[in-house]
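Observations on chain architecture
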Amino acid sequence: MSKIFVCVGPNRGDREMAAMMNGHDQFYLFEPLPEAAAWLRDNNRHAAQWFHVIEAACGEHAGRATLTVYNSLGVSSSLGKCTQQAREQYSYVDLSEQGQIEVDVINLREWLDEHGIDQLETLLIDAQGMDLAILKTLEPYLRERRIRRIVHETDGEGFRHYDELPDNSLAAAVSFFEDIGHYQMATLPARNTWNFDVEWRLKS
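Residues numbered from 1 in each chain as written. Predicted model: local features only at pLDDT ≥ 70, side-chain atom pairs only at ≥ 80, totals over all residues. Heavy atoms only, no water.

Looking now at helix 7 (residues 170–180). Along an α-helix, a turn takes 3.6 residues, which lines up residues three or four apart on a common side. Considered for burial, the residues of helix 7 that qualify are Ala 172, Ala 173, Phe 176, Phe 177 and Ile 180. Projected down its long axis, helix 7 carries its buried residues within an arc of 125°, all on one side. Among the exposed residues of helix 7, those pointing more than 90 degrees away from its buried face are Ala 171, Glu 178 and Asp 179. On the buried face of helix 7, the contacting elements are helix 5 (131–137), helix 6 (139–143), strand 9 (147–155), strand 11 (183–186) and strand 12 (195–202). (Buried < 20%, exposed > 50% of the residue type's maximum accessible area, 1.4 Å probe, protein only. Helix = DSSP H or I, 4+ residues; strand = E, 2+ residues; numbered from the N terminus. Arc of directions from axis to C-beta. Contact = heavy atoms within 4.5 Å.)

Moving on, we come to unusual backbone geometry. Even without a glycine there, the phi angle at Asn 11 is positive, about 55°. Mapped onto the elements of the fold, Asn 11 is located in the loop between strand 1 (4–8) and helix 1 (15–21). Relative accessible area serves as the criterion here: at 9%, Asn 11 is assigned to the buried category. If you check the backbone angles, Glu 164 has positive phi at about 70° while not being a glycine. As for its position among the elements, Glu 164 is in the loop between strand 10 (162–163) and helix 7.

Applying the stated criterion across every chain yields a total of 14 salt bridges. Among the ionic pairs, Glu 97 bridges to Lys 81, the shortest N-O distance being 3.3 Å. Pair noted here: Glu 97 is in strand 7 (residues 97–106) and Lys 81 is in strand 6 (residues 81–82), with a separation of 16 residues, a long-range link. Judged by relative accessible area, Glu 97 falls into the partly exposed class, the value being 41%. Residues Arg 191 and Asp 197 are paired through a salt bridge, measuring 3.9 Å at the closest nitrogen-oxygen approach. Members of the salt-bridge network, linked through shared partners, are Glu 139, Arg 143 and Asp 179. (Salt bridge = Lys/Arg side-chain N within 4 Å of Asp/Glu carboxyl O.)

Bringing the sheet that holds strand 4 (residues 57–58) into the picture now. Spatially, the three strands line up as an open sheet ordered 4-7-5, and their pairing is mixed. Looking at the sheet topology across the chains shown, the edges are occupied by strand 4 and strand 5 (63–70). (Pairing = 2+ DSSP bridges.)

Attention now moves to helix 2 (residues 34–43). Of the residues making up helix 2, those classed as buried are Ala 36, Ala 37 and Leu 40. Looking straight down helix 2, one finds its buried side chains confined to an arc of 100°; they lie on one side. For helix 2, the elements touching its buried residues are strand 2 (26–30) and strand 3 (51–54).

Counting across every chain of the model gives nine aromatic pairs. Ring geometry for Phe 27 versus Phe 51: centroids 6.2 Å apart, planes at 35°, classification tilted. One end of the pair, Phe 27, is in strand 2; the other, Phe 51, is in strand 3, with 24 residues separating them in the sequence. Here Phe 27 and Phe 51 have matching classes, each one buried. With a centroid separation of 5.9 Å and an interplanar angle of 65°, the aromatic rings of Tyr 28 and Trp 111 are classed as edge-to-face. Of this pair, Tyr 28 sits in strand 2 while Trp 111 is found in helix 4 (residues 108–114), placing the two residues 83 residues apart along the sequence. Taken individually, Tyr 28 and Trp 111 each receive the classification buried, so the pair is uniform in this respect. Cluster of aromatic residues (ring-pair linked, three or more members): Phe 176, Phe 177, Tyr 183 and Trp 200. One cation-aromatic arrangement involves Arg 146 over Tyr 141; the distance from NZ or CZ to the ring centre is 3.9 Å. (Phe/Tyr/Trp six-rings, centres within 6.5 Å; stacked < 30°, edge-to-face > 60°. Lys NZ or Arg CZ within 6 Å of the ring centre and 35° of its normal.)

Next up, the structure:
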């Protein structure tokens, strides 16, 4: 059986993502920014039979939506709006607004079902405030133990990175996975205390 790696919001990728991809043999990357999606396709053309780039955001419902582009590479681009709190906490980061574009949005569970993908080895989500909302669309996969490992970004207590989006707090994620059962939360090296990645692994 193929070991499938899915990433939502890779932009152009980084070393951490590359390290996580080791040990997998099929890759599906969902990236809504046209320039970033083109970069991913061009730089992985040699592995096109294994490496699939889908130019779309993931959300609760399929359709079209407005993506706000932040900074020159669009690394912090979101379906929401960056809060003043985030700008203050990330004063050392370029969060300049570069404009807005209309993008395709897919429901990830529906897309996986339509493409006959029923098992994921690793799911990495860096969707700038939409992480937990996307995970909730995958609830049937989680309840049926069809995703082995999940890594996603979350907001710490009292912090909100983006407005106009569903709750993406650590507390909400913990509550969701406690209701699902059979996943164990693991700690990851925290870059800060207000906006960080968490990992869930399927229990044996």
